[in-house]
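# Structural overview for review
Now for the letters of each chain:
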Amino acid sequence: MKILVPVKRVADPDNANKVKISEDGLHVTSEGLEGKPNPFDEYAVETALRILEDGVGSGNLRGEVVVVTIGPEDASREVRQCLAMGADRGILVVGDDERLDSSIVAKVLAKLVEKEQPDLVLMGKQAVDGDSNQTAQSLAQLLGWPQATFAGRIEVPADLASAVVTREVDGGAAKVKVAFPAVISVDLRIVSPTGVDNTVCGQKAYQEGPRYASLKGIMKAKKKPIDQITMDQLGVDQTLKVRTVRFTAPAQRKAGVKVDSVETLVAKLRDEARVL
Amino acid sequence: MSNILIVIHVTDNEVKKSVFSAAAFAKQAAAFAGGSYSLLAIGSDLSGATAKLATAGAAKVYTAQAPDLGNALAERLAPIIEQVLLAGSFKMVVSPASSVAKDVMPRLAARIGAGMASEVVGLSFDAGRFTYLRPMYAGNVNGAVQIDTPIEVVTIRPTEFEALAPSGTSPVETVAVPAPEPVAAKIEYLGFEKAVSTRPDLAEAAIVVSGGRGMKAKENFVILEELADLLGAAVGASRAAVDSGFIHNDFQVGQTGKIVAPNLYIACGISGALQHVAGMKSSRVVVAINKDEEAPIFQIADYGLVADLFKAVPELTAAVRALKG
Ligand SMILES: Cc1cc2nc3c(=O)[nH]c(=O)nc-3n(C[C@H](O)[C@H](O)[C@H](O)COP(=O)(O)OP(=O)(O)OC[C@H]3O[C@@H](n4cnc5c(N)ncnc54)[C@H](O)[C@@H]3O)c2cc1C
Ligand SMILES: Nc1ncnc2c1ncn2[C@@H]1O[C@H](COP(=O)(O)O)[C@@H](O)[C@H]1O
């Protein structure tokens, strides 16, 4: 089985409050911030590896995990990080973040699916820089495939032909069964200890969170191939459908006052804020 | 003329307040561009919802009903929305950013070759076109975006648009529901596990009491629930509290959870990571109870109490009880 995992490079999300807007309001700069794989995409890589584990502990996967990114050439670093986790190979589609929208990314991915013929595209539910939450759903439509978004848990039978996905939705959890080929987008809980049941391993209790690359993994990753390709070579129309015309700083909340007791707090809430 | 279509999925005949927030947004958009807005409701049974939906000021309410539409599968819903869109002269299709809308609208956008703006918080109109304001980078930057396709697809954050007061009665038209497309056979709906809460809807509550990792254990949420019930509040949580198994994920507030904007938000044992703040910073009044005086949550709280929550929360409950007599 082949799983394609699209991974976006983002500016360190734990320091998203340090991104700056250029003087003319036309650009966002993340200078000084480290590039990281989008956390949800790292979770998708972890999920792919958990799905393909062989259950006999040989370390071999029951298939191939291909990581693809659309971004600047130096985003190969983040692809390499995913290869060090255990993915098999990478594809880098050269593109400028400012000249991309979800529709272009989905079209690029659709072209790659045509070439690579994966059984499953496993991706993050949202890129935490643009916060769009669109690409998986758009890709599924372009491919004519079913979609299971916001997966908090995935069970895959031993034949690797379908998945039962527990989706995190408003008011609870919705369970669906998708036949492969399909697109699945993952939510935070997928990397909980019981996020994946691949049948052949039994319901294993994994560590919490995505795995760290081992030293061996990092060494191996140096030899794994990353193919580079352009959007022109893929024949993708690069006209933006959604243009950001201006960036602005949202109103900031200011720190208020510290109160010294519950009594003072209640008095303030009643008399000053008038919320009690 | 630019007509606008609001799309909502209805379960259990429940009409959420967010429909009226979407109506407020659509009314503004229609006023800018000259035109009207209509509403498309999809579900398995709309009999108890239609009368209320007809008070949202829509030029027309379209209803699409079929037994299998209760499950809100995107493969099934997108073609129905497309059919209604193309039959009318719609320039924009909008939905409150519920999990159903987040799932369906991007699929619809790709289907009709349209551009989409997610989780819009503001709207302006200049030189004949809409500009949508939307938060990015966990709410640390706002992007003003324009869409260059004949139909524009939008989801909005209901918390940012004050709900329209119900009035009038719109005419209702039943839509002929198309048969499922082949792709719908590739996905099977197996069921729904409801996160039970007897409290007000987190996204719409006037007061929210939230707990984080500092709550230490699931059992301890009882002290928050007591306070919440006294205040008529909803209970929320940080990701760490959810990941630790203290509370169901449906109650997570933040960049990737629920967006809330209550009158009063009380954060207990929550450090104030930017991903959490992204989901509650539009609250009117924020109270933080945390034993670490350096916790970032104090930088955005109107009232900060440096204290052990296991002492402060029960005290607060007692004080509120005394106040309410
Ligand atoms: C992709 C991604 C998405 C995310 N999305 C979200 C999201 O949507 N929502 C979200 O909340 N987080 C989200 N996070 C996680 C976020 O980064 C933080 O890890 C999380 O919010 C921390 O939760 P917390 O404040 O409860 O825990 P901590 O950061 O561990 O804070 C616990 C706090 O409790 C205080 N405390 C401990 N004991 C007591 C006591 N007895 N009395 C008083 N105070 C006490 C401590 O001083 C501390 O400040 C996301 C992270 C990632 C990577
Ligand atoms: N430039 C990109 N390169 C690779 N994958 C991407 C890119 N942009 C988005 N994606 C994928 O699409 C998912 C959703 O992104 P978005 O719709 O932008 O929020 C991400 O989690 C990634 O898996």
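Just so you know, these numbers come straight off a predicted model, no measurement behind them. (Residues numbered from 1 in each chain as written. Chains lettered and ligands numbered in written order. Predicted model: local features only at pLDDT ≥ 70, side-chain atom pairs only at ≥ 80, totals over all residues. Heavy atoms only, no water.)

### Quick look at the overall build of chain B
Assigned secondary structure in chain B consists of eight helices and 16 strands. Computed over its C-alpha atoms, the radius of gyration of chain B comes to 21 Å, within 12% of the 20 Å expected for a compact globule of 325 residues. For chain B, the C-alpha atoms occupy an extent of roughly 60 × 45 × 40 Å along the three principal directions. Evaluated residue by residue, chain B yields a buried proportion of 59% over its 325 residues. If you sum the accessible surface of chain B, you get close to 12,100 Å²; carbon and sulfur atoms cover 52% of it. (Helix = DSSP H or I, 4+ residues; strand = E, 2+ residues; numbered from the N terminus. Rg over C-alpha atoms; globule rule 2.2 N^0.38 Å. Buried < 20%, exposed > 50% of the residue type's maximum accessible area, 1.4 Å probe, protein only. Areas by Shrake-Rupley, 256 points an atom, 1.4 Å probe, with all protein chains shown as cover.)

### Concerning the environment of N17 of chain A
Note that N17 of chain A resides in the loop between β2 (9-11) and β3 (20-21). Accessibility expressed as a relative area gives 47% for N17 of chain A, which makes it partly exposed. Taking the C-alpha atoms as reference points, N17 of chain A and D187 of chain A, 170 residues apart in sequence, are found 22 Å from one another. If near-sequence neighbours (up to four positions away) are discounted, N17 of chain A is found in contact with N140 and L274 of chain B. (Contact = heavy atoms within 4.5 Å.)

### Some details on the sheet that holds strand β15 (residues 285-290) of chain B
With parallel pairing, the six strands of this open sheet are ordered in space as β16(A)-β16(B)-β15(B)-β14(B)-β12(B)-β13(B). Looking at the sheet topology across the chains shown, the edges are occupied by β16 (257-259) of chain A together with β13 (234-237) of chain B. Going from strand to strand, the sheet's axes swing by 20° on average, the running direction of each strand aside. As paired strands, β16 of chain A and strand β16 (residues 303-306) of chain B are joined by three bridges and run parallel to one another. Paired with V259 of chain A across the bridge in β16 of chain B is L305 of chain B. Where helix α7 (residues 262-271) of chain A meets the sheet, its contacts fall on β16 of chain A together with β14 (264-268), β15 and β16 of chain B, and the angle it forms with β16 of chain B comes to roughly 170°. Sitting on the sheet, helix α5 (residues 221-231) of chain B is in contact with β12 (207-211), β13 and β14 of chain B, with an inclination near 175° to β12 of chain B. (Pairing = 2+ DSSP bridges. Axes fitted to C-alpha atoms, helices over the stretch in contact; angles between N-to-C directions.)

### Considering a negative patch on the surface
Judged by side-chain charge, D170 of chain A together with D12, E14, D201 and E204 of chain B come together as a negatively charged surface patch. Turning to its location among the elements, E204 of chain B is positioned in the loop between β11 (187-194) and β12. (Patch = residues over 30% accessible without salt bridge, like charges linked within 9 Å, V, L, I, M, F, W, Y side chains within 5 Å. Salt bridge = Lys/Arg side-chain N within 4 Å of Asp/Glu carboxyl O. Lys, Arg positive; Asp, Glu negative; His and termini not counted. Charge placed at Lys NZ, Arg CZ, Asp CG, Glu CD.)

### A few points about the interface of chain A and chain B
If you look at the interface, chain A gives 77 residues, while chain B gives 86 residues. When the two sides are added together, the surface that chain A and chain B hide from each other amounts to roughly 6,900 Å², 55% of it contributed by carbon and sulfur. Of all residues in chain A, the largest losses of buried area upon contact with chain B belong to Q141, K241 and R253 of chain A, amounting jointly to 11% of the total for that side. Among the ionic pairs, R167 of chain A bridges to D103 of chain B, the shortest N-O distance being 3.7 Å. On inspection of chain A and its partner chain B, the count reaches 49 residue pairs in polar contact (both at pLDDT 80 or more). Only α1 (39-52), α4 (135-143), β9 (147-155), β10 (162-169), β11 (172-179), β15 (242-248), β16 and α7 of chain A provide two or more residues apiece to the side of chain A that touches chain B. Sort the elements by how many residues they give to the side of chain A that touches chain B and β11 of chain A lands first, with eight residues. Here the residues of the side of chain A that touches chain B sort into 36 nonpolar, 19 polar and 22 charged. Here β11 of chain A runs beside β11 of chain B; their pairing, made up of seven bridges, is antiparallel. (Buried area = accessible area lost by both parts, 1.4 Å probe. Polar contact = N/O pair within 3.5 Å; in protein donor to acceptor, adjacent residues only side chain to side chain. Nonpolar A, V, L, I, M, F, W, Y, C, P; charged D, E, K, R; others polar.)

### Thoughts on the domain arrangement of chain B
All names here are of chain B. We note that the domain assignment places domain 1 (4-185) and domain 2 (207-323) within chain B. Distance between the C-alpha centres of domain 1 and domain 2: 32 Å. Listed as interface residues are seven residues of domain 1 and, on the opposing side, eight residues of domain 2. When domain 1 packs against domain 2, the two sides together hide about 580 Å² of surface, and 52% of this comes from carbon and sulfur. By the criterion of area lost to domain 2, the three top residues of domain 1 are A138, R157 and T159, representing 65% of everything that side buries. Taken together, domain 1 and domain 2 are joined by two residue pairs in polar contact (both at pLDDT 80 or more). Broken down by class, the residue content of the side of domain 1 that touches domain 2 amounts to one nonpolar, three polar and three charged. (Domains from an automatic or database assignment.)

### Concerning a nonpolar patch on the surface
Residue and element names in this part refer to chain A. A contiguous nonpolar patch, built from L215, I218 and M219 and spanning about 310 Å² of accessible area, is present on the exposed surface. With respect to the helices, strands and loops of the structure, I218 is situated in helix α5 (residues 215-223). You can call I218 partly exposed: its relative accessible area is 36%.

### Describing the pattern of salt bridges
Residue and element names in this part refer to chain A. Tallied over the full model, the rule gives 35 salt bridges over all chains. Across the pair E168 and R189 runs a salt bridge, and its minimum N-O distance is 3.4 Å. With a gap of 21 residues between them, E168 in strand β10 and R189 in the loop between β12 (182-186) and β13 (196-197) connect regions that are remote in the sequence. You can call E168 buried: its relative accessible area is 13%. Under the relative-accessibility criterion, R189 is labelled buried at 12%. Through salt bridges with shared partners, a single network forms among R9, E34, D74, R77 and E78.

### Side note on the site of ligand 2
Residues and elements named next belong to chain A. For ligand 2, the set of nearby residues contains 18 residues, the closest of which are D41, I70, A127, N133 and T135. N133 places a polar main-chain atom, nitrogen or oxygen, 2.8 Å from an oxygen atom of ligand 2. Of all the elements in the fold, those that place two or more residues in the shell around ligand 2 are β6 (64-71), α3 (102-116) and β8 (120-124). Per-class residue counts for the shell around ligand 2 are seven nonpolar, nine polar and two charged. (Near = heavy atom within 4 Å.)

### As for helix α3 (residues 74-87) of chain B
Residue and element names in this part refer to chain B. Compared with an ideal rise of 1.5 Å per residue, which puts 14 residues at 20 Å, α3 spans 20 Å between its outermost C-alpha atoms and is within 8% of the ideal. Of all 14 residues making up α3, 11 are buried, and the element is well covered by its neighbours. Taken together, the buried positions of α3 are A74, E75, R76, L77, A78, P79, I80, I81, E82, V84 and L85. (Expected span 1.5 Å × (residues − 1).)

### Points about the packing of helix α2 (residues 76-85) of chain A against α5 of chain A
Residues and elements named next belong to chain A. At their nearest, the axes of α2 and α5 sit 7 Å apart, and the two run at 125° to each other. Judged on the interaxial angle alone, α5 and α2 are oblique. You can see that α2 and α5 cross each other, and the crossing is right-handed. The residues of α5 that touch α2, namely those facing R80, L83 and A84, are G217, I218, A221 and K222. Across the contact of α2 with α5, the residue classes break down as four nonpolar, one polar and two charged. (Parallel < 35°, antiparallel > 145°, perpendicular 65-115°, else oblique. Left-handed = near helix turned anticlockwise from the far one by under 90°.)

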